[in-house]
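Each chain, letter by letter, is given below.
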Amino acid sequence: MTSTRATRSLPPAAKEWNLRLYLSEHDPATTARVVLDTGDNLMESCAAAHRNPYDMAVPEIGDELAAGRALIAMGQKLLRAAAGDIEEAGAPEEAPPAPLWLPRE
């Protein structure tokens, strides 16, 4: 029996990572959990958003804030992992880019 389900094939050099984003709302707080499965590693990050009790309840705002924060945290974890891998590989450290402006004192 042959399957009628289309099989997706990726080019040999392509990879697919799966990311799941879970949101949980317990007013006035919303939490987000991001799970990234690279096939080789599983990474997780979490973040929250808290509504001011005097503000109008708009659940989408809490979802967006918590999700955005969790995704930023995941990005930071990925960058730290890459930096560690670069160091382990013995690659020379790049100088940080020059700032576009200096902070006011």
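Now for a look at the structure at hand. (Residues numbered from 1 in each chain as written. Predicted model: local features only at pLDDT ≥ 70, side-chain atom pairs only at ≥ 80, totals over all residues. Heavy atoms only, no water.)

1. A look at the pattern of salt bridges
Once their charged atoms are close, side chains differing in charge can pair, the charge on each being opposite to the other.
Okay, so step 1: One pass over the full model with this rule turns up 2 salt bridges.
Okay, so step 2: For R51, the salt bridge identified is with D27, shortest N-O distance 2.8 Å. Here R51, found in the loop between β3 (42–50) and α1 (59–88), pairs with D27, found in the loop between β1 (18–26) and β2 (29–37); they are 24 residues apart in sequence, far enough to count as distant.
Okay, so step 3: By relative accessible area, which is 23% here, R51 ends up partly exposed.
Okay, so step 4: Ionic pairing is found between R33 and E44, a salt bridge with its closest N-O pair at 2.9 Å. Remark: E44 occurs in strand β3 and R33 occurs in strand β2; sequence separation between them is 11 residues.
Okay, so step 5: Relative accessible area serves as the criterion here: at 37%, E44 is assigned to the partly exposed category. (Salt bridge = Lys/Arg side-chain N within 4 Å of Asp/Glu carboxyl O. Helix = DSSP H or I, 4+ residues; strand = E, 2+ residues; numbered from the N terminus. Buried < 20%, exposed > 50% of the residue type's maximum accessible area, 1.4 Å probe, protein only.)

2. Notes on the nonpolar core
Okay, so step 1: Formed by A32, V34, L36, M43, A47, A49, A66, A70 and M74, the largest nonpolar core amounts to 9 residues.
Okay, so step 2: Within the residue set of this core, elements represented by two or more residues are β2, β3 and α1.
Okay, so step 3: In contact with L36, not counting residues within four places along its chain, are W17, N18, L19, N41, L42, M43, M74 and L78. (Core = buried A, V, L, I, M, F, W, Y, C linked by side-chain atoms within 4.5 Å. Contact = heavy atoms within 4.5 Å.)

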